[in-house]
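These are the residues of each chain, in order.
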Amino acid sequence: MSPSRELDQTDAHTVVQGATAVITHRPRAGHEPRYERWLDEIIPLCRAHPGHMDTQIVRPIAGVTDIYTVIVRFDSPAQMHRWLASSSRKRLIEKIQPSLVDGDRYATRSGLEFLFAGTDPSTSSPVRWKQWLVTWSVIYPLVLLVPYALASLGARLGLPDNRYLLALLSTAIIVGLMVYVIMPRYTHLVRRWLFR
């Protein structure tokens, strides 16, 4: 397998704002500490790259998976592709290559597709109706519970009732929970159905 394999899933005829690279690496047994040190070296370089917006590392769960998934978001597909092709990244990929079972694998996605990224970059995104159903099934209870919990907490603390502040805080918490906490775990839980 070649050191880098890109599977671009953006439509060349569509104007896209923002882009995500979903990178998967499987370190050889016993090489995990070396891989963690390598992450400490490459992540700051990625964050310093123009257009970088966010980086998330989903570490393996013992007994479940041995794959690291690194999700990197940029403000444009062009900036993302510049990072992926940069000499800094290529040099560091060459450095870690001997410690990886499957080499460097990544897929590029736009919009919310990154929430539905499987562990195998060659897997395409699930059909839209499944994405809708999974997203709705998470957002619906959050939209009911988070504003209620915040309003109750505000009342207990004696804060004034401000619907704009409540909406601002509620949406920030809901989106944060969706992107960082719930969707990575939920999509992993339903992956067999989701990617069928």
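Within each chain, residue numbers correspond to sequence positions counted from 1 in written order. The predicted nature of this model means local features are confined to residues of pLDDT at least 70 and side-chain atom pairs, given and counted, to a pLDDT of 80 or more, with totals for whole chains, interfaces and linings taken over all residues. In computing side-chain values, all of the structure's heavy atoms are included and hydrogens and water are not.

This paragraph deals with the confidence of the model for the chain. Should the pLDDT be low somewhere, the predicted coordinates at that spot are not to be read in detail. For the chain, the average pLDDT comes to 82, and 83% of its residues sit at 70 or higher. Within the model, pLDDT remains below 50 along residues 1–16, and this stretch shows 34 contacts once partners closer than five positions in the same chain are excluded. What pLDDT conveys is the predictor's confidence in a given residue, as a value from 0 to 100. The criterion used for residue contact is that any of the two residues' heavy atoms lie within 4.5 Å.

Now for the pairing of strand S2 (residues 19–25). Here the term buried applies to any residue with accessible area under 20% of the maximum for its type, exposed to any over 50%, and partly exposed to those in between, with areas from a 1.4 Å probe on protein chains only. Comment: elements are numbered from the N terminus, with helices defined as DSSP H or I runs of at least four residues and strands as E runs of at least two. Burial runs high along S2: 7 of the 7 residues are buried. Neither face of S2 is open: one carries Ala19, Ala21, Ile23 and His25, the other Thr20, Val22 and Thr24, and all of them are buried. Examined bridge by bridge, S2 and strand S4 (residues 68–74) share 7 bridges and lie antiparallel to one another. The residue bridging threonine 24 from the neighbouring strand is threonine 69, located in S4. When DSSP finds two or more bridges between a pair of strands, those strands are recorded as paired.

This next bit is on the nonpolar core. Grouped together as the largest cluster of nonpolar side chains are 21 residues, with contacts concentrated most on Tyr35, Trp38, Leu39, Ile42 and Val70. The greatest single-element share of this core, amounting to 6 residues, is contributed by helix H1 (residues 32–48). Not counting residues within four places of it along the chain, the set of residues in contact with leucine 39 comprises Pro44, Ile57, Arg59, Tyr68 and Val70. Buried Ala, Val, Leu, Ile, Met, Phe, Trp, Tyr and Cys residues that are joined via side-chain atoms within 4.5 Å together make up what is termed a nonpolar core.

Below, the discussion takes up the environment of proline 50. Here proline 50 is to be found in the loop between H1 and strand S3 (52–58). Discounting chain neighbours no more than four positions away, the residues touching proline 50 are Phe74 and Gln79.

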